[in-house]
Amino acid sequence: MSDMHQHSIRFVRETMLPQAAPPVAERGIVKWMRENLFSNLANSILTLLALLAVYYLAVETLPWMLNGIWDAPSIRACREILDGNVGGCFAVLTDRWNQLLFGFKYPSEEYWRPSLAFLLLFAAAAPVMFFKYLPGKLLIFTAIYPFLAYWLIWGGPFLAPVVALLGFVAGYVVWNRFVTSSFAAGFFGAIAAAAVTWWLGGVIVDAVAPENSLLPSVPSRDMGGFMLNMILGVVCVSLSIPFGIALALGRQSSMPIIKWICVIFIEFVRGVPLITLLFVANVVLAYFLPPGATFDLIIRVIIMITAFASAYIAEVIRGGLAALPRGQYEAADSLGLDYPQAMRLIILPQALKISIPGIVNVAVGLFKDTTLVSVISMFDLVGMIRGPILASTDWNGVYWELFGFAALLFFVVCYGISQYSQWLERELTTDHR
Amino acid sequence: MNKSVFLGAVTVAGLAAGAAAAATIDDVKARGKLNCGVTTGLVGFAAPDANGEWNGFDVAVCRAVAAAVLGDPTAVEFVPTTGKTRFTALASGEIDMLARNTTWTFSRDVDLKFEFTGINYYDGQGFMVPKGLGVSSAKELDGATVCIQTGTTTELNLADFFRKNNISYEPVPIETNAEAQQQYLAGACDAYTTDASGLAATRATFETPADHVILPEIISKEPLGPLVRHGDSEWGDVVRWTLNALIAAEELGVTSANIDEMAAGTNSPEVNRLLGTEGTLGEMLGVDKDWAVRAIKAGGNYGEIFARNIGEETPIGLARGLNAQWTDGGLLYAPPFR
Amino acid sequence: MTTLTDPPKEQFRLSMLLNDTRYRSYTFQFIALLLVIALIAYLGSNLMQNLRAAGLNISYQFLGEPSGYDINQRPIPYDSQSTHMRASIVGVLNTLIVAFLACLTATVIGVIAGVLRLSNNWLVRKLMAVYVEAFRNVPVLIWILIIFTIMTATLPAPRAFRGDDPEASMLFGAVAFTNRGVYLPKPLLEPMGWVVLGIFVLSIFGAIWYRRYATKLLYDTGRLLPMGWPTVAILILPAVLSYFILGQPIALEYPELGGFNFSGGVQVLGSLIALWFALAIYTGAFIAENVRAGIQAVSRGQTEAAASLGLRPRRIMNLVVLPQALRIIIPPLISQYLNITKNSSLAIAVGYMDITGTLGGITLNQTGRAIEAVLLLMLFYLTISLIISAVMNFYNNAVRLKER
C-alpha cells in the first residue's frame, strides 16, 4: 500500500520552484512607466507633450543659468565676458546683494543687526510653531523677541524697548491678579497699568538715555530691500491676530451695535484692494492726523496693512468659531462661566486651533502682498529692483536675473510656510472618528 | 533718536494734543534735520548711488538749504516721492520742501496752495527717438506710440501738442523711468517724451547713446524749482534766498574754492552782504550771518553744481542754454542782495 | 386665603449697568458707539483743521473739468477734452474688461490644471503640482512684471516686420504678435452681415432648446437622443449657409504695417495682455487647488455607487461627481473672481489704464484731489465686491442641500 503511491504518481515535486522573475513589462521601471506614464493612448500623448515642454524649458534656461556670470562690475562688462554667448548676468546679485536685502540706506556696518534679528526670529518662532515638541518655557523668549528685534533693527536707547516690555509685563501682572474676580477689572486694570508704566518709562528714558547708545539708531525710512518685506510681513501678521480675534468675536456678538461696527469694518476692508489702502496710507492718512504730528510712512503702512490683515484673519477665526459644535457653547454656559471666561477657556482655544491653517494662508498671502508697497515709492525688494537698481547706469537692462531672484526668494519663504501649515494640519487633527 | 518711533506710536494720544503747526524753520532747527522730498531716482537730478548716498542737481539744493539753516549739508533726510505722493507729502508736513523736478504751474501754485520759491532749472518737454527711425521733427510722429512717465505735466503737454498739430498718437503711460527705458529700448514705443533734461539723463545711461536723437521741438515750458507750503513765508524766504545765493554767487564769481578768502572781506559790497561780512541779511532771514557761506560751501555755486551733476563734462552732458546767467544770455537772474 | 404677590420689583441701581447682564450689554454698546463717534469726530476735526490750514477744500468739481490727457484703450469715445468723469468711466470699463477676461481664462486654466493634478499620469501630475506651487508662492506683482517683461523683451517690435526680408512675420498673414500688443483681424459687417449674426444668435438658442428637449425626452421616455453632433450642427450650419447665400457679407480687415504701427484690425494692448495673463495664471493656480479639493471631497462611495448602478465613467463624472463637486468649488471660485477684480488694480505697474490708472493715477496727479479720488476709487471697488458677494450668497442659498 505504501508504495502504491510511488508508482501511481510519476513525479511529485517536493521543493518549491525558484521564483521566476516577473515579466519585463511587469516589473521595475518599465512597469512603473507603463502604469504611470503610458497607461493608455491619451495618457501617452500627455506624457509626450509634458516631456516636450520640460525639454524646451530646459534648453531655454539651462545654458542661461549654467553660463551665468557671477562677477562683473556692470552689465557692459558682463556682456563682454559673455562675448555673445547665452548666459545670465548674475553679477548684479553679487554686486547689489546688500541693497537687495537691506535697501540702500541701512548703514552697511550695521548689517549684522537685522541679520541677527532674522536668525533669532527662528528661535522665537520655533516654540510657537512646534509647541508640542518644545518646552513651554521657551515661549518667554518669544515674548521678549519683538522688543529685542525692535532694538536690534532700529537701535537707539536700550531702555526704550525695555520700558515697552515692562509695560506689557505690568499689564499682565495686573491682569493675572484681577481677572479671577472680574474680567472687566483685569482688562481695564491691565490697560491702565501698562499706560502708567509707559508714561513713567517715557519720562525716565528721555531723562537718562545716553546720547550715543550702544546701537546707533536707524530711522525707519532707511529700511528697505527684502528686510522691509520681512518686517512688514512679520509685524503686521503678529499685530493683526489679536485685532482679528476681537473683530471675529465682535461679529459673532449678540450686541447689535458692536456687531454692526465689526461687520462694516470687515466688509469695507475686504471689499477694497490693498493698493487703495496703501494710497490712503500714502496720500490721505496724513490729513486725518492731528496737525503737526506726522508718522513715518512705514508706520502708516503698518497701520493700514494691519487693518487689512485683521479683517481677513477675523473672517478665518469666525469660520473657526462657527465650526464649533453648539454643545461647546452650551457646556460652557452650563458650567456657569461668564462670557470672557467661556471664550478664554473653552471656545477660543478650540476655535483658534481649527483656524490655524487658515491664518497661515492669510499670513502667506499678506507676506506676498507686502511687495505692493513698491507702488507707493517704498524700496522693498521689488521697489529696489524697479527703482534704484534698474535705473542705474550699471545695471540698466538686467531683468530676468533680478525678477528671478525676487521670485525665488519669495517662493522659498512662502513654500516653506505652506508646507509647515500642511504638516501642522495633519498634526492637529483630533478627529474622534 | 530719543523719541523712538515705538514710544512715539504708543504715546500717540499724548502727542495728539500737540500745538498747531509751528513755523517750519523752527521745526527744522528743533529736529536738526531737513526733510527734503526728491524723486525716486533720476540720474543727475536725484538718485542714490551704489553706497546709498543721494546725489544730483536737486539734491544739491536740499543740501544747500540744510547747510544754511542747520550748518550741516549732510543733515538732510531725503524722502523719495512719486508724482502722486509728492504734493500730499508736502501738504501734510511730511517733508519741509520739495525739490523734485516740479513744474511751476498756475494751478499748483494757486489751487493746490504751494509756494514756488524760484526756478533752478528751465526745462521743456522734448522727444527722444531712435536714429534708425529717420524722424527729424516731432511733427512727423503721426501714428506713433509714445512712452510717457506718468504723474507729470507731460501727459497734458503731449495731448495738447498732438491735438494742436492735428496728428494722432498712442500714449503708453509708465510709472518709473527705468521701465520707460525698458519699453523704449525694446521698441515697444517709437518715442519717449519727458523733460529734455530727463531725456538727456536717460540717454546717458544707454549702452549706445549715439543711436538715439533728441528731437529739436521743445513743446512746453517747464520751469522746475523747489517749492514749500503756502502760508509760511518765512520758510519760503529761506529756501528762495538760498537758491538765489547760489545763483548770485556764480554771477559774483564766488566759488567753493575762493569762498574762504572772500568771506574774510572783499571790496565788493554785494559780495560782502551776501557772505555776511557786511549788513545783517542773515538775521533778517532768521538764520545767522554765515548762512550763504555755508550754503555755497556745501556744493559750490550754481555753476559748479550744474557742471558737477548735469553739465557737459558729465555723462548727461547738458549745455547751460537757458540756464546760463543773464549776463551770458541765459535766464538766471538773482534779485540783488541788499 | 393667600394672595399671590409679585416678587418685589428690584430698584434700578447704577451699578446694575455694569454688574447685571441684562443691562451690561447696553453699557458696552453705548461705550462702543461713543468711542466710534469720538474717533470719527476726532479724525473729522483733524481733517477740517488740516484742510483749513492748507487752504484746501473737499470738492468734486474737478470731475466735470476737461481731463487733458489721452488714454490708449477706449471702450467708449474719449479724447483729451473729455471730462475727468468720463476718464474715470473709461477706467471702470477697462477694469471690467481685464477682470472679465482674466476670470474666464483663470477658470479654464484652473479647471484643466485641477483635473490634471488628479490624473493617473505621474509626470503630468508632478508638472501641475510644480505649476500650482510656483505660482501660488510668488507675489502676483512679480508675475505681472515678469510677464510684462516677457511681452516687451521677447516679442518683436513692429519695425521688425518691415523690409523685404523681415525678422518677424505675421501668423497666417493675419495676426501680428508685437511687443506693443497683438493685432488681430477685425470683422467688418455689411448690412446683410447683421442678418448672419442674428441667425447665429438664434441658432444658439436653438441648440439650447434642443438639448433641453433631449434631456426631457430622456427623463420622460428613456429615449436617448445624440447630444454632441446635433448641437454643433445647429450652431454652425445655419450661420454658414446664410453667410454664403447672402453673398459673404462679413469681411475681415487685416492689420497692416503702416507708418510707425500696424493700422487696421483690432489691437489688444501689450499691457492688457500682460495683466490678463498674469492674473489668469496666478489665480488659475488657486482655482486648480479648489477644483482638486472639490473633486476629492466627493466621497468615493458616490463613485462606487454610481458604478454599481452601471454608469459609464464619463457619466459618473458628469452626473454624479461634478454636480456635487461644483457645490464645493463654486463659492471659493467666486471669491477668486473677487480677488482678480481687486488685483487688477495692479494695472498701475504696467501702465494699463484701469480705474486705478485714470482716476487713482493721472487724474489724482493732475488735480491733486487725493482725498476725493481715493474715496471714489474705494467706493467703486466696494460696490463691485458687494455685488459679487450678493451673487455668491444667492448661489449658496440656491444650491444648499435641502435637508428634510
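Residues numbered from 1 in each chain as written. Chains lettered and ligands numbered in written order. Predicted model: local features only at pLDDT ≥ 70, side-chain atom pairs only at ≥ 80, totals over all residues. Heavy atoms only, no water.

A. Local environment of the overall build of chain A. In terms of helices and strands, chain A carries 18 helices and zero strands. Expected size for 433 residues packed as a compact globule is a radius of gyration near 22 Å; at 30 Å, chain A overshoots this value by more than 25%. Counting only C-alpha atoms, chain A reaches 110 × 80 × 40 Å along its principal axes. For chain A, the residues scored as buried account for 47% of the 433 residues in total. Sequence separation of 24 or more characterises 69% of the internal contacts of chain A that already satisfy a separation of 6 or more. (Helix = DSSP H or I, 4+ residues; strand = E, 2+ residues; numbered from the N terminus. Rg over C-alpha atoms; globule rule 2.2 N^0.38 Å. Buried < 20%, exposed > 50% of the residue type's maximum accessible area, 1.4 Å probe, protein only. Contact = heavy atoms within 4.5 Å.)

B. Local environment of helix α6 (residues 191-221) of chain C. Residues and elements named next belong to chain C. Between its terminal C-alpha atoms α6 stretches 45 Å, which fits the 45 Å expected from 31 residues at 1.5 Å a residue. What α6 keeps buried is the set G193, V196, S203, A207, Y210, A214 and L217. Of the surrounding secondary structure, the elements contacted by the buried residues of α6 are β3 (186-189), α7 (228-245) and β4 (250-253). Within two residues after α6, G222 carries a phi angle of roughly 85°, on the positive side. (Expected span 1.5 Å × (residues − 1).)

C. Fine view of the state of the cysteines. All told, the structure shown has three disulfides over all chains when counted by the stated rule. Two residues, B:C36 and B:C62, share a disulfide whose sulfurs are 2.0 Å apart. Between B:C36 and B:C62 the disulfide shows an S-S torsion of about -45°. By sign, it is left-handed. Placement of the pair is B:C36 in strand β1 (residues 34-38) and B:C62 in helix α4 (residues 57-70), with a sequence separation of 26 residues. The class for B:C36 is buried, based on a relative accessible area of 0%. B:C62 sits in the buried class, given a relative accessible area of 0%. Of all cysteine sulfurs, the one in A:C414 lies closest to A:C236, which takes part in no disulfide; the gap is 15 Å. We classify A:C414 as buried; its relative accessible area is 0%. (Disulfide = S-S within 2.5 Å.)

D. Representation of the interface of chain C and chain A within the structure. With 54 residues of chain C in contact, the opposing surface of chain A contributes 54 residues. Here chain C packs against chain A, burying approximately 4700 Å² in sum over the two surfaces, 75% of which is carbon and sulfur. Broken down residue by residue, the surface that chain C buries against chain A is led by C:Q29, C:N137 and C:M378, which jointly contribute 13%. At the boundary of chain C and chain A, one finds zero salt bridges. Where chain C meets chain A, there are eleven residue pairs in polar contact (both at pLDDT 80 or more). Going through the elements one at a time, α2 (21-54), α4 (122-136), α5 (140-154), α8 (270-297), α11 (355-367) and α12 (370-399) of chain C are the ones with two or more residues in the side of chain C that touches chain A. A per-element tally of the side of chain C that touches chain A places α2(C) first, with 13 residues. (Buried area = accessible area lost by both parts, 1.4 Å probe. Salt bridge = Lys/Arg side-chain N within 4 Å of Asp/Glu carboxyl O. Polar contact = N/O pair within 3.5 Å; in protein donor to acceptor, adjacent residues only side chain to side chain.)

E. Spotlight on the interface of chain B and chain A. With 41 residues of chain B at the interface, the matching set in chain A holds 42 residues. In total, chain B and chain A occlude about 3800 Å² of area from one another, counting both sides; carbon and sulfur atoms represent 58% of this. Remark: the boundary between chain B and chain A carries two salt bridges. In this structure, the salt-bridge partner of A:R300 is B:E94, at a minimum N-O distance of 2.8 Å. In this structure, the connection of chain B to chain A is made through three residue pairs in polar contact (both at pLDDT 80 or more). Of all the secondary-structure elements, those providing two or more residues to the side of chain B that touches chain A are α1 (5-10), α2 (12-16), β4 (76-80), α5 (86-91) and α8 (177-185) of chain B. For the side of chain B that touches chain A, the residue count by class is 18 nonpolar, 16 polar and seven charged. (Nonpolar A, V, L, I, M, F, W, Y, C, P; charged D, E, K, R; others polar.)

F. A look at the confidence of the model for chain A. Confidence in the prediction of chain A, expressed as mean pLDDT, is 84, and 95% of residues score 70 or more. The weakest mean pLDDT in chain A belongs to helix α1 (residues 4-8) of chain A at 59; the strongest belongs to helix α11 (residues 225-252) of chain A at 92. (pLDDT = per-residue confidence, 0-100.)

G. Representation of unusual backbone geometry. Residues and elements named next belong to chain B. Its identity as a non-glycine residue notwithstanding, K113 has a phi of 60°, on the positive side. Its place among the elements puts K113 in the loop between α6 (106-110) and β6 (114-116). A relative accessible area of 27% means that K113 is categorised as partly exposed.

H. Here's a closer look at the sheet that holds strand β10 (residues 169-174) of chain B. Residues and elements named next belong to chain B. If you walk across this open sheet you meet the five strands as β10-β9-β11-β8-β12, and the pairing is mixed. What marks the edges here is a single partner per strand, and that holds for β10 and β12 (212-214). Taken pair by pair, the neighbouring strands of this sheet meet at an average axis angle of 30°, ignoring direction. Relative to β10, strand β9 (residues 144-149) runs parallel, the two sharing six bridges. Paired with C147 across the strands is V172, a residue of β10. (Pairing = 2+ DSSP bridges. Axes fitted to C-alpha atoms, helices over the stretch in contact; angles between N-to-C directions.)

I. Structural detail: empty space enclosed by the protein. Within the structure shown, the criterion is met by eleven cavities of 30 Å³ or more. Volume-wise, the largest cavity comes out at about 720 Å³. If you trace the largest cavity, you find 48 residues lining it, with B:R100, B:Q149, B:T150, B:E175 and B:T176 closest to the centre. Elements with a minimum of two residues in the lining of the largest cavity: α17 (381-391) of chain A, β10, α8, β11 (191-195) and α9 (196-204) of chain B together with α11 of chain C. Class assignment of the residues belonging to the lining of the largest cavity gives a composition of 14 nonpolar, 26 polar and eight charged. Here the second largest cavity defines a volume of roughly 290 Å³. Every element with two or more residues in the lining of the second largest cavity is listed here: α14 (297-323) of chain A together with β4 of chain B. Its residues assigned to classes, the lining of the second largest cavity shows ten nonpolar, seven polar and five charged. (1 Å grid on protein atoms, 1.4 Å probe; cavity = no way out; pocket = protein on both sides within 12 Å on 5 of 7 lines; lining within 4 Å. Points joined across faces, edges and corners; volume = space filled by probe spheres on them.)

J. Layout of the packing of aromatic side chains. Inspection of every chain in the model, using the stated rule, returns 51 aromatic pairs over all chains. Each ring, one from A:F226 and one from A:F410, has its centre 5.5 Å from the other, and the planes form 85°; the classification is edge-to-face. Note that A:F226 is positioned in helix α11 and A:F410 in helix α18 (residues 400-428), a separation of 184 residues in sequence. Note on A:F226: relative accessible area 8%, which makes it buried. Judged by relative accessible area, A:F410 falls into the buried class, the value being 0%. Ring geometry for B:F127 and B:F162: centres 6.2 Å apart, planes at 90°, overall edge-to-face. (Phe/Tyr/Trp six-rings, centres within 6.5 Å; stacked < 30°, edge-to-face > 60°.)

K. Structural view of the domain arrangement of chain C. For chain C, the assigned domains read domain 1 (24-54) and domain 2 (94-185 + 254-355). For domain 1 of chain C and domain 2 of chain C, the distance between their C-alpha centroids amounts to 46 Å. (Domains from an automatic or database assignment.)

L. Region of interest: the nonpolar core. Grouped together as the largest cluster of nonpolar side chains are 269 residues, with contacts concentrated most on A:M223, A:V301, B:M97 and B:W235. Among the elements that take part in this core, α14(A) stands out by supplying 15 residues, more than any other. For A:V301, the residues in contact, after removing those within four places along its chain, are A:L232, A:L278, A:A281, A:V373, A:I376 and A:M378. Judged by nonpolar contacts, the second largest core, of 18 residues, contains B:I148, B:L158, B:A191 and C:F260. (Core = buried A, V, L, I, M, F, W, Y, C linked by side-chain atoms within 4.5 Å.)

M. Highlighting the side chain of B:R273. In this structure, B:R273 sits in helix α12 (residues 269-275). In contact with B:R273, other than residues within four places in its own chain, are B:E278, B:L281, B:F337 and B:R338.

N. Spotlight on the packing of helix α12 (residues 256-271) of chain A against α14(A). All names here are of chain A. One can describe the packing of α12 onto α14 by two numbers: an axis separation of 9 Å at closest approach and a directional angle of 115°. The orientation of α12 with respect to α14, classified from their angle, is roughly perpendicular. Both α12 and α14 take part in a crossing whose hand is left-handed. Contacts from F265, I266, V269 and R270 of α12 reach α14 at A307, F308, A311, Y312, A314 and E315. (Parallel < 35°, antiparallel > 145°, perpendicular 65-115°, else oblique. Left-handed = near helix turned anticlockwise from the far one by under 90°.)

O. Just the confidence of the model for chain C, in detail. Residue and element names in this part refer to chain C. The share of residues in chain C with pLDDT of 70 or more is 94%, and the mean pLDDT across the chain is 84. Of all secondary-structure elements in chain C, the lowest mean pLDDT belongs to helix α1 (residues 16-19), at 67, while helix α3 (residues 84-117) reaches the highest, 93. Reported confidence for the predicted complex is 0.86 by ipTM and 0.85 by pTM.

P. Spatial organisation of helix α4 (residues 75-82) of chain A. All names here are of chain A. The complete set of buried residues in α4 reads I75, A77, C78 and L82. Looking down the long axis of α4, one finds its buried residues gathered within 160° of arc, a one-sided arrangement. D83, located one to two residues past α4, shows a positive phi value of around 55°. (Arc of directions from axis to C-beta.)

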